[in-house]
Each structure stands twice: as structure tokens, then as C-alpha cells.
Amino acid sequence: MRFRRPKELLGKVNVKIALLMLGRLSIISVISLVMATINNYGNHKNYWERTIFATQTVDFNILSHTLPTKLSLALLDGRNGGVADGLWTVTTGCSG
């Protein structure tokens with residue numbers, strides 16, 4: 001086999017067929033991009049509207065059940081500065 005130069009290869013390529021192939025490739029790429037974008041938008045919307053809402057609801061339910069106890073214990077111990085327990089801090093400062 002003999003090595004062919006690029007000019008020899010280009011001379012045998014039908015320009016019309018090459019443009020049709022490039023056009024098909026472009027159309028398929030655009031359609032794939034649009035479909036992927038629509039799918040990703042649905043996943044993004046589901047995450048922020050359902051998953052985060054459910055997680056925040058659980059977090060606030062836990063907080064509403066544990067916070068009164070922590071606050072009462074801090075006030076009974078005479079700690080007016082606050083209660084620090086990992087994720088949240090409650091400051092009670094009544095001066096009067």
C-alpha cells in the first residue's frame with residue numbers, strides 16, 4: 001500500500017455527500033442537546049421543589065421538638081449566653 005497525500009484523498013471526496021453527512025450530524029447533535037437539556041431541567045426542578053422541601057421539613061420538625069428542651073435546660077442552668085449544639089445556636093439575651 002502506498003501512502004496517500006491529503007490532496008489525493010480530498011480529490012475523491014464528494015462534497016455534496018460530505019455536506020449531507022455534516023448536516024445530519026448537526027441535526028442529530030442539536031436534537032440530542034435539546035432532549036438532554038429538557039431531561040436535566042426536569043431533574044433540577046424535581047430536586048429543588050421536592051427533595052429540598054422534604055429535607056427542610058424534616059429538619060424543622062426535628063428542630064421544633066428538640067429546641068424547647070435545650071432552651072429550657074439552658075435557662076435552668078443559668079446560661080443566658082445561648083445553647084450551642086452542633087447545627088444551631090439559640091441566643092437568649094433578656095436584659096432588664
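Looking only at helices and strands, the chain features 2 helices and 2 strands. Reading the chain from its N terminus to its C terminus gives the helix and strand order α-α-β-β. The burial tally for the chain puts 6% of its 96 residues in the buried class. Accessible surface, the chain: about 8900 Å² in total, of which carbon and sulfur atoms supply 66%.

The next point concerns the packing of aromatic side chains. Taken as a whole and assessed by the stated rule, the structure comprises 1 aromatic pair. Both rings, one in Tyr47 and one in Trp48, keep their centres 5.2 Å apart while their planes meet at 80 degrees; by these two values the pair is edge-to-face. Its relative accessible area of 40% is what places Tyr47 among the partly exposed residues.

Looking now at a nonpolar patch on the surface. Residues Val15, Leu19, Leu22 and Leu25 make up a contiguous nonpolar surface patch of about 410 Å² in total accessible area. One can find Leu19 in helix α2 (residues 15-76).

What counts, and at which threshold
- The residue count restarts for each chain, going from 1 along the sequence in the order it is written.
- Local features in this predicted model are restricted to residues of pLDDT 70 or higher, and side-chain atom pairs are both shown and tallied only at a pLDDT of 80 or more, whereas totals for entire chains, interfaces and linings draw on every residue.
- Calculated side-chain values reflect all of the structure's heavy atoms, with hydrogen atoms and water omitted.
- Per the convention used, a helix needs a DSSP run of H or I reaching at least four residues, while a strand needs a run of E reaching at least two, with both numbered from the N terminus.
- Working definition: with a 1.4 Å probe on protein chains only, accessible area under 20% of the residue-type maximum means buried, over 50% means exposed, and in between means partly exposed.
- Areas reported as accessible are Shrake-Rupley estimates using a 1.4 Å probe. Residue values count occlusion only from the protein chains shown.
- Aromatic contacts are taken between Phe, Tyr and Trp rings whose centres are within 6.5 Å, Trp giving its six-membered ring; a plane angle under 30 degrees counts as stacked, one over 60 as edge-to-face, and the others as tilted.
- What goes into a patch is any residue over 30% in relative accessible area without a salt bridge, connected to like charges within 9 Å or, for nonpolar side chains (Val, Leu, Ile, Met, Phe, Trp, Tyr), within 5 Å.
- Every case where a carboxyl oxygen of Asp or Glu lies within 4 Å of a side-chain nitrogen of Lys or Arg is listed as a salt bridge.

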